[in-house]
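# Descriptive analysis of the structure
Here is how the chains run, residue by residue.
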Amino acid sequence: MYLNKLDLLALTDEHKTPLYVYELDRIQYRYEQLIGMFPEQDLKVHYAIKANFNPYIVQYINKLGAGIDTVSPAEIKLVQKLGVKSEDIIFTANNLTNEEIQEAGQTGVLFNLGSTSELDRYGKIFPNTKVCLRFNPDVIAGSHTKIQTGGPLSKFGILLEHVEEVKAICEKHNLSVVGIHKHTGSGIKDQSAYLQAVENLLSIITPENFPDIEFTDFGGGLFIPYSPDEQEYDYGSFASAINERLEALHASYGKKLKLYFEPGKFLVAECGNLVIQVNTIKDNNGHLIAGTNSGFNHLARPVMYDAYHHITNLSNPDGELKTYDIVGNICETGDNFASGRELPEIREGDYLLIHNAGAYCFSMASNYNLRKLPAELCLLDSQVVNHSPVVSDDVLIDRLIANVNA
Ligand SMILES: Cc1ncc(COP(=O)(O)O)c(C=O)c1O
């Protein structure tokens, strides 16, 4: 199998597994697709860096023209060190301490605040500044309950009915509200739910409520298929429905506003591949289990969100089809990439490719069980343009025990 015209098994030989391999041209394809969806709008994309903070990828996306959506002071620091300008960064953290507000505020980025408490505390520290407000769109949608961020019980965003309280806080600290934001959830298949969330958000944007608005931000959640059974989303009808609603808003607001999206998965999910190796085949009375050299410490989405990741047997693509549980080496029963998955016969030593591993995979990885993190390769123009190597066990252990005898 070739990725970006490079032989994947040769890369695997050289760099060892588990190995993350990113195809950057997929990111460019999706970025241009998104930009092309809204020729009528003054569109700006802020990449949700939480999906994948590989510095080469962040810089690549910024060079394509996107700004960055950040959720922690360290993410702001990282992207600023990578050369992203403050005016291209939005800060959408939740449950901030005053120290974090102070630290992030000094960087000059625009805060997107999702609670009246944080708005008030921000206003006390940085009065007379501009802010964006994150509202809860009062719609529950997303591919799993753990990544649905709207609805009455959500910790995210300000309830729409709290507009008056928000206005009073802004007036008290002379805050100018330049953006209104919502993020409904991740992997939203249901177009009508997304549009309902947009409508709910737009209902509070009036000159009386917020006279200084410059943009509306509809967050992330743009759907891309993970399984071969899922269809490409109908982005044509999505864009025209959004355009229709924005046209009405711009007419009633009396001014054309910029449109922001902050996609994570849409931009980077498909570019990622995790190559792992099978070392143990177990036959439990006909129930086949393929044990690998990776685990949910490297790719947690199946365990966290019951997420489907397509898996290919790289070494034996034409083998007889059999049904397997594909599991990791972590000392937990739930450490499972796939259950009851039909694949060409898997033999000990075979390499498996886990697809769509670019978003919320390496960025959620950990050293659980004191296992190393995989190396990462970025491919572009048939070359390896970046290599983040493995941190060895010895370095990891030295870091852990550095302070024990101090
Ligand atoms: C505030 C915010 N914006 C954007 C995103 C990106 O979402 P997605 O990766 O589904 O596009 C998230 C993801 O959780 C988010 O919380």
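Chains are numbered independently. Their residues run from 1 in the order of the written sequence. It should be noted that, the model being predicted, local features are given only for residues of pLDDT at least 70 and side-chain atom pairs only at 80 or more, the latter also being counted only at that level, while totals for whole chains, interfaces and linings use all residues.

## Describing unusual backbone geometry
Applied cut-off: We count a stretch as a helix when DSSP gives it H or I for four or more residues in a row; a strand needs E for two or more, and each element gets its number in order from the N terminus. Three exposure classes are used, all based on how many other C-beta atoms lie within 10 Å of a residue's own C-beta (placed from the backbone): buried at 20 or more, exposed at 12 or fewer, and partly exposed between those limits.
Residue Pro18 follows Thr17 across a cis peptide bond; omega there is -5 degrees. The backbone phi angle of Ser382 is positive, close to 60 degrees, even though this residue is not glycine. Residue placement: Ser382 occurs in the loop between β19 (375-380) and β20 (383-388). The class for Ser382 is exposed, based on 10 C-beta atoms found within 10 Å.

## Examining the nonpolar core
Applicable threshold: Core membership is restricted to buried Ala, Val, Leu, Ile, Met, Phe, Trp, Tyr and Cys residues, and these are joined into a nonpolar core through C-beta atoms within 7 Å. Where each domain begins and ends is defined by an automated method or by a domain database. Once C-beta atoms have been placed from the backbone, residue pairs whose C-beta atoms lie within 7 Å are recorded as contacts.
Within the largest apolar cluster, 98 residues are counted, with the highest numbers of intra-cluster contacts made by Val21, Tyr22, Ile61, Phe91, Leu133 and Ile354. Per-element accounting of this core gives the leading share, 6 residues, to helix α8 (residues 191-202). Both domains that furnish three or more residues to this core are identified here as domain 1 (24-267) and domain 2 (272-357 + 359-401). Those residues in contact with Ile61, other than ones at most four positions away along the chain, are Ile27, Tyr31, Tyr47, Ala66 and Leu267.

## A closer look at the packing of α8 against helix α9 (residues 235-253)
Counted only if it meets this: Between N-to-C directions, angles cover 0 to 180 degrees, with each direction set by a line fitted to C-alpha atoms, over the stretch in contact for helices. Roughly parallel refers to an angle under 35 degrees, roughly antiparallel to one over 145, roughly perpendicular to one between 65 and 115, and oblique to any angle outside these ranges. By definition, turning the near helix anticlockwise from the far helix through less than a right angle yields a left-handed crossing, and turning it clockwise yields a right-handed one. Classification used: nonpolar for Ala, Val, Leu, Ile, Met, Phe, Trp, Tyr, Cys and Pro, charged for Asp, Glu, Lys and Arg, polar for all others including Gly.
Running from N to C, α8 and α9 point in directions that differ by 15 degrees, and their axes come no closer than 11 Å. Classified by the interaxial angle, the pair formed by α8 and α9 is roughly parallel. Crossing handedness for the pair α8 and α9: right-handed. Here α8 contributes Gln191, Leu195, Val198, Glu199 and Leu202 to the contact with α9, which in turn contributes Phe238, Ala241, Ile242, Arg245 and Leu249. The residue makeup of the contact of α8 with α9, split by class, is 7 nonpolar, 1 polar and 2 charged.

## Describing the pairing of strand β12 (residues 258-261)
The cut-off we apply is this: Pairing between two strands requires that DSSP report at least two bridges joining them. The definition of a right-handed crossover adopted here requires that, viewed with the strands pointing away, the path from the first strand over the helix to the second runs clockwise.
Inspection of the sheet shows strand β4 (residues 43-48) paired to β12 by 3 bridges, in the parallel sense. The residue of β12 that forms the bridge with Val45 is Phe261. Bridge count for strand β11 (residues 215-217) against β12 is 3 bridges, and the pairing is parallel. Bridge pairing in β12 links Thr216 to Leu259. A crossover connection joins β11 to the parallel β12 through α9; in handedness this β-α-β unit is right-handed.

## Focus on the pairing of strand β3 (residues 19-23)
The element β3 is largely enclosed, with a buried count of 5 among its 5 residues. Burial along β3 is two-sided: Leu19, Val21 and Glu23 facing one way and Tyr20 and Tyr22 facing the other are all buried. By the bridge criterion, 5 bridges tie β3 to β19 in an arrangement that is parallel. Residue Leu19 lies in a different strand from β19, and its bridge partner there is Ala375.

## Examining the site of the ligand
Note the cut-off: Contact assignment follows one rule, namely that a residue is near a molecule or strand if its backbone-placed C-beta atom lies within 6 Å of it.
As a structural note, the neighbourhood of the ligand is formed by 17 residues, with Ala48, His183, Ser186, Gly220 and Gly264 the closest of them. A breakdown of the residues in the shell around the ligand according to their chemical character gives 6 nonpolar, 8 polar and 3 charged.

## Some words on helix α2 (residues 24-37)
Rules: A helix is expected to span 1.5 Å multiplied by its residue count minus one. The arc in question is the one traced by the directions running from the helix axis out to the C-beta atoms.
Compared with the 20 Å implied by 1.5 Å per residue over 14 residues, the 20 Å span of α2 between its first and last C-alpha is a close match. For α2, the full list of buried residues reads Leu24, Ile27, Arg30 and Tyr31. Seen along its axis, α2 keeps its buried residues to an arc of 120 degrees; they face one direction. The exposed residues of α2 that point more than 90 degrees off its buried face are Asp25, Glu32 and Gly36. Where α2 is buried, its residues meet β3, β4, α3 (55-64), α10 (265-268) and β19.

## Observations concerning the domain arrangement of the protein chain
By domain assignment, the protein chain separates into domain 1 (24-267) and domain 2 (272-357 + 359-401). On a C-alpha basis, the centres of domain 1 and domain 2 stand 32 Å from each other. Listed by partner, the interface residues are 18 residues for domain 1 and 18 residues for domain 2. At the level of elements, α2 and α3 are the ones that each hand at least two residues to the side of domain 1 that touches domain 2.

## Some points on the environment of Asn297
Relative to the assigned elements, Asn297 resides in the loop between β14 (287-292) and α11 (301-305). The class of Asn297 is buried, set by 24 C-beta atoms lying within 10 Å. Between the C-alpha atoms of Asn297 and Thr12, which are 285 residues apart in sequence, the distance is 20 Å.

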